[in-house]
Amino acid sequence: MPAARQFDVLVIGAGAAGLMCAAGAGRRGRRVALLEHNAQPGRKILISGGGRCNFTNIHCTHANFLSENPHFAKSALALYQPQHFIELVNRYQISWHEKTLGQLFCDQSAHAILNMLLTECELGNVELVLNARNIAVEYSANAGFHIASSRGEFQSAALVIATGGLSIPKLGATGFAYDLARQVGLAVVLPRPALVPLTLGGGQARWMELTGVSTEVTAWAGNSAKHRFREKMLVTHRGLSGPAILQASSYWRPGEPLLVDFAPALAKDADLLATLLEPGAQRTTTALRNALHAVLPQRLAAFLAEVAPPDTWRNAALAACSQRLRSFAFHPTGTEGFEKAEVTAGGVHTDGLFPRTMESRLVSGLFFIGEAVDVTGHLGGFNFQWAWASAVAAARVL
Ligand SMILES: Cc1cc2nc3c(=O)[nH]c(=O)nc-3n(C[C@H](O)[C@H](O)[C@H](O)COP(=O)(O)OP(=O)(O)OC[C@H]3O[C@@H](n4cnc5c(N)ncnc54)[C@H](O)[C@@H]3O)c2cc1C
């Protein structure tokens, strides 16, 4: 049996965070091995942002993240900001553009970002070990970390867990980080699918008649009225999707309603059915449909006129109908699960980690970074910014 190979740092998981951290530590002169169970590194980077990788968001602050401790991400995000990653991207002459709402995408392909990170790893002499399956970790205060895997045994004083969350199992997602965290006594916030389409059924199954219809709305989860998202909603053959719904889904909990304002461009208290209240205006289903069509696609306007009409044509009933449509309650039956979730909310509890370094408070030399940690970004480049920032926070002290 060959002896375990010695490194200063072992990083498990060659995704966004693992590559960034391994490169950073390697560039600082540490002997680093990066272990990945897939045959290729960075598979999620390649499919991200529709193949163009929304690699950061220039408006990133800690307010763009969900966590049991909303302050935890502040230090790492301040240490490594979007501007720092943009400088790296520019150094590699990767061309990019701002699509909307501060979201930066590659002009060409996400391959450019992965290639950049792999080059950074090469420059740091990182040894990338692919197809490293069945990784088992043992720790002793004297010898540090011992790793057994299908690609041999490894030994180091520092171990970084960058294995991500549970989203998209077919790309290699596992609960490795959570299992290891629990093994060493760290708490884990129950992982749940986030940035995920919601399913409809029962009395609201009829919405699927509108499959393919998209409109701008403001959406929010019933338990979280202060986090409202004004973007597109899309009706799908299973329920609701589109950026507004994905964003609100991260805050949604089973059993709660998801609320939608179908007239986001109107002032908060404006009456969506004001034209019906004008002197001499007709108060008929056709007039209702026309008033709705002024702000909504025709099919959606006709559908709402049918499923959510006023109880009567009196002023009070029209006002109530308008209010209902400005805070329309969907009752999702669930989410489309980890198979379709862009990220995993929850993860290694931040109480167990030092915010400036991501090192565990219980086992010195053990770090958790990226999506594995209970820090989950909104849609729009924030999750990658967290991956880069948490990776750099650890790499600086490795
Ligand atoms: C379809 C899609 C599109 C997205 N688009 C964007 C976007 O445009 N912008 C954005 O900011 N975010 C986007 N995200 C989210 C973003 O990809 C993730 O938040 C980010 O990749 C997390 O980085 P990570 O390194 O923590 O985890 P990951 O990138 O998931 O990397 C984890 C790595 O660990 C490996 N691994 C897992 N378990 C083991 C194990 N047991 N042994 C060894 N290796 C293991 C995995 O194979 C993987 O390579 C998208 C996500 C999806 C699914």
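Provided above is the structure to which this section pertains.
Residues numbered from 1 in each chain as written. Predicted model: local features only at pLDDT ≥ 70, side-chain atom pairs only at ≥ 80, totals over all residues. Heavy atoms only, no water.

## A closer look at the nonpolar core
No. 1: Within the largest apolar cluster, 84 residues are counted, with the highest numbers of intra-cluster contacts made by Phe 85, Ile 113, Leu 159, Phe 368 and Trp 386.
No. 2: Broken down by element, this core gets its largest block of residues, 11 residues, from helix α12 (residues 382–395).
No. 3: Here Trp 386 is in contact with Phe 65, Phe 72, Ala 73, Ala 76, Leu 77, Met 358, Gly 370, Glu 371, Val 373, Val 375 and Ala 391, once residues within four sequence places are set aside.
No. 4: Counting residues in hydrophobic clusters, the runner-up holds 41 residues, among them Ala 248, Leu 273, Leu 276 and Ala 305. (Core = buried A, V, L, I, M, F, W, Y, C linked by side-chain atoms within 4.5 Å. Buried < 20%, exposed > 50% of the residue type's maximum accessible area, 1.4 Å probe, protein only. Helix = DSSP H or I, 4+ residues; strand = E, 2+ residues; numbered from the N terminus. Contact = heavy atoms within 4.5 Å.)

## Points about the side chain of Asn 57
No. 1: Here Asn 57 lies in strand β3 (residues 54–57).
No. 2: On the basis of relative accessibility, which here comes to 0%, the residue Asn 57 falls in the buried class.
No. 3: Among the polar contacts made by the side chain of Asn 57, one reaches the main-chain amide nitrogen of His 59 at a distance of 2.8 Å.
No. 4: A distance of 3.1 Å separates the side chain of Asn 57 from the backbone oxygen of Leu 101, its partner in a polar contact.
No. 5: Those residues within four positions of Asn 57 in sequence are excluded, and the remaining contacts are Pro 82, Leu 101, Gly 102, Gln 103, Gly 380, Gly 381 and Phe 382. (Polar contact = N/O pair within 3.5 Å; in protein donor to acceptor, adjacent residues only side chain to side chain.)

## Focus on the site of the ligand
No. 1: Residues in contact with the ligand amount to 31 residues; listed here are only the nearest, Ala 17, Glu 36, Thr 174, Glu 371 and Phe 384.
No. 2: Here His 37 contributes a backbone N or O atom positioned 3.3 Å from a nitrogen atom of the ligand.
No. 3: Between the ligand and the protein, one listed contact pairs an oxygen atom with a side-chain N or O atom of Lys 44 at 3.4 Å.
No. 4: Its free accessible area being 1000 Å², the ligand has 91% of it covered by the protein chains.
No. 5: Of all the secondary structure elements, the ones that give two or more residues to the shell around the ligand are α1 (16–27), α2 (43–47) and α12.
No. 6: Looking at the shell around the ligand element by element, the count peaks at 3 residues for α12.
No. 7: In terms of residue class, the shell around the ligand is built from 13 nonpolar, 14 polar and 4 charged. (Near = heavy atom within 4 Å. Areas by Shrake-Rupley, 256 points an atom, 1.4 Å probe, with all protein chains shown as cover. Nonpolar A, V, L, I, M, F, W, Y, C, P; charged D, E, K, R; others polar.)

## What about α12?
No. 1: With 14 residues, α12 extends 20 Å from end C-alpha to end C-alpha; this agrees with the ideal 20 Å at 1.5 Å per step.
No. 2: A large share of α12 lies buried, amounting to 14 of its 14 residues. (Expected span 1.5 Å × (residues − 1).)

## Re the pairing of strand β1 (residues 5–12)
No. 1: With 7 bridges connecting them, β1 and strand β10 (residues 152–161) associate as parallel partners. Residue pairing across strands places Phe 7 opposite Ser 156, the latter belonging to β10.
No. 2: The pairing of β1 with strand β2 (residues 32–35) spans 4 bridges and is parallel. Of the residues in β2, the one forming a bridge with Val 11 is Leu 34. (Pairing = 2+ DSSP bridges.)

## A look at the sheet that holds strand β5 (residues 96–98)
No. 1: Here we have 3 strands laid out as an open sheet, ordered β3-β6-β5, and antiparallel in their pairing. Both edges of this open sheet fall to β3 and β5, since each of them pairs with a single strand only. Going from strand to strand, the sheet's axes swing by 25 degrees on average, the running direction of each strand aside.
No. 2: Two elements, β5 and strand β6 (residues 103–106), share 3 bridges in a ladder whose sense is antiparallel. For Trp 96, the partnering residue across the bridge sits in β6 and is Cys 106. (Axes fitted to C-alpha atoms, helices over the stretch in contact; angles between N-to-C directions.)

## A short note on the state of the cysteines
No. 1: As enumerated under the stated definition, the model contains 0 disulfides in all.
No. 2: In this structure Cys 53 is a free cysteine whose sulfur lies 5.4 Å from that of Cys 106, the closest cysteine sulfur available.
No. 3: Residue Cys 53 is classed as buried on the basis of its relative accessible area of 0%. (Disulfide = S-S within 2.5 Å.)

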